[in-house]
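# Examining the three-dimensional arrangement
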Amino acid sequence: MFDHFVSPLPAFETDGRHSISGLSSGAFMTVQLHVAHSASFIGAGVIAGGPYRASENYRAAATTPTSNILNALYVAMSPLTEGTAPDVDHLLALARDTAHIDPLDNLADQRAYVFTGTCDRVVNQLAVRKTREFYEKLGITGDRLMFVDDVPAGHSIITMNPEDSPLSSNQPPYINEGDFIQSHQILDHLYPGANPPAEDAFGAFIRFEQAEFIGFAQDRASMAEFGYAYIPSRVASGNSKAIGVHIVLHGCKQGYAYVDFVNGREDIQNQPPYGARYMRSTGYMEWAEANDLILLFPQADGGDSNAAQNPDGCWDWWGYSAKDQNSPDYYSQNAIQIKAIHAMLTRLSGQ
Amino acid sequence: MEHFLTTTAKLQTEQATRACETLQNTVQLASAPPAPGAMAEVLELAGASYKRAADLQIGWLRDWTRWGLYAQSLDGANTVPKYVERVGNIALQAQAQVNAQAEQWSELMDNVGVSYGFWLTRQLEARDKGGS
């Protein structure tokens, strides 16, 4: 159900089995959040995303912040060869030296899902293989790490909806039609022994204001006015306790408010905003309904201003939202977006 | 206007600094026998760069072929306003493609520069760790 109200984000009792997944910039952000708050999660799903602090491999690329952008674009997303892809040992050392994150040891007994399509031309397979290596070196091994790299998919989350783009395409809305539902594959892996997805999602779809979680940094946060949550019907009615909260992070150009920028301007005359497509058509809600899992859908927003240079509405995994652009914090518990999203999780899970 | 000048100068300075450092590292790396596998990695990098360039050109050829088909006939322009719109569209599409291709080429050049610089740095670090 989707009503027209803006509600305060409610609190529910849960078993505390929280997890997170995302696509593209949402996948990079998934890894940042997972590492920064590893004590809060049981696992993560990464579709086409690179390892922690991957925009800081090659410091000599330029002065910061340009260095982070160049690293993000060419080392973390689109490396030419294995030897120019993210250096995992360097990033692990960086992670071990990072202040204001939970102990890395928390990750060792968790689960992870990492996916890279063979036709992905946006975040290529050389980059995503480093995410597998990163998690393996942190102790997520064996059947707790599911790595998929043999599907001929472009840059996308995969559904079975006939309306979605052809499987191998690399184009907005970055939702492609395949022969399986990827959100189900992720959640089945993160929560072994789960029930099959429900036929429909009968619970409550809640719209809430994100501003209260962002605090004073509204202009730099690049987060939209509203976030959303899905409360499964048995949880909403008080008949069941939720197993946890799963955070779903959309990719670039996929926030509800996103419209394309044409020649530096939002093309609002020709395009409707993206809307709730990523939330409602990718299968997360049906799985959550059958398994009493609350879903949290934080939303990034596009901006081509000088306060936050983020025209594609991407999550910040290279530092655009940081106050100090020469030493940007986009990766610790103090980073604006990580702090805001974790505060939403804390509220929703009644902690 | 001042912003345009300072931003252009800053970007050019950064690019020049990076190029100097890359040159310096290249000379430093070449001053000692290469590490095993280094030549193969350089060739792999060159091959990957060439393949990206070739892929871009295939895409551009496809885009210009589509544009040519659109531009070769004005049969649908059956009123003066429609004619003006159509001629304008042909020019705007061509301009948009030139802009997009310039941006894509610039990205590839940036990628090659950053990747080669990164590779050099890693080679020198590995050599330093090896004590040679």
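What this report covers is the structure whose coordinates are included nearby. (Residues numbered from 1 in each chain as written. Chains lettered and ligands numbered in written order. Predicted model: local features only at pLDDT ≥ 70, side-chain atom pairs only at ≥ 80, totals over all residues. Heavy atoms only, no water.)

### A look at helix H1 (residues 25-36) of chain A
Residue and element names in this part refer to chain A. Spanning twelve residues, H1 covers 16 Å between terminal C-alpha atoms, matching the ideal 16 Å at 1.5 Å per step. Counting buried positions over the twelve residues of H1 gives twelve, a clear majority of the element. Of all the positions in H1, only Ser25, Gly26, Ala27, Phe28, Met29, Thr30, Val31, Gln32, Leu33, His34, Val35 and Ala36 are classed as buried. Residues of H1 that are buried make contact with strand E1 (18-23), strand E2 (41-47), helix H2 (66-77), helix H4 (125-137), strand E9 (244-249) and helix H11 (336-348). (Helix = DSSP H or I, 4+ residues; strand = E, 2+ residues; numbered from the N terminus. Expected span 1.5 Å × (residues − 1). Buried < 20%, exposed > 50% of the residue type's maximum accessible area, 1.4 Å probe, protein only. Contact = heavy atoms within 4.5 Å.)

### Some details on the sheet that holds E9 of chain A
Residues and elements named next belong to chain A. Strand order across the open sheet formed by eight strands is E4-E3-E2-E1-E9-E12-E8-E7, with mixed pairing between neighbours. Pairing within the sheet leaves two strands with one partner each, and these edge strands are strand E4 (145-148) and strand E7 (204-209). The sheet shows a mean angle of 15° between the axes of neighbouring strands, taken without regard to direction. The pairing of E9 with strand E12 (residues 293-297) spans four bridges and is parallel. Bridged to isoleucine 247 within E12 is leucine 296. Together, E1, E2, E7, strand E8 (226-231), E9 and E12 form the strand contacts of H11, whose direction differs from that of E12 by roughly 150°. (Pairing = 2+ DSSP bridges. Axes fitted to C-alpha atoms, helices over the stretch in contact; angles between N-to-C directions.)

### Re the interface of chain A and chain B
A common way to express how large an interface is: the accessible area buried when the components associate. On the side of chain B, 20 residues touch chain A, which itself brings 20 residues to the contact. With both sides pooled, the region where chain A packs onto chain B buries about 1800 Å², and carbon together with sulfur makes up 59% of that total. By the criterion of area lost to chain B, the three top residues of chain A are Tyr58, Tyr74 and Leu80 of chain A, representing 41% of everything that side buries. Between chain A and chain B we count one salt bridge in total. Here arginine 122 of chain B ties to aspartate 87 of chain A by a salt bridge, and the two come within 3.8 Å at their closest N and O atoms. Inspection of the region where chain A meets chain B yields five residue pairs in polar contact (both at pLDDT 80 or more). (Buried area = accessible area lost by both parts, 1.4 Å probe. Salt bridge = Lys/Arg side-chain N within 4 Å of Asp/Glu carboxyl O. Polar contact = N/O pair within 3.5 Å; in protein donor to acceptor, adjacent residues only side chain to side chain.)

By themselves, these are just geometric observations and shouldn't be taken as functional.
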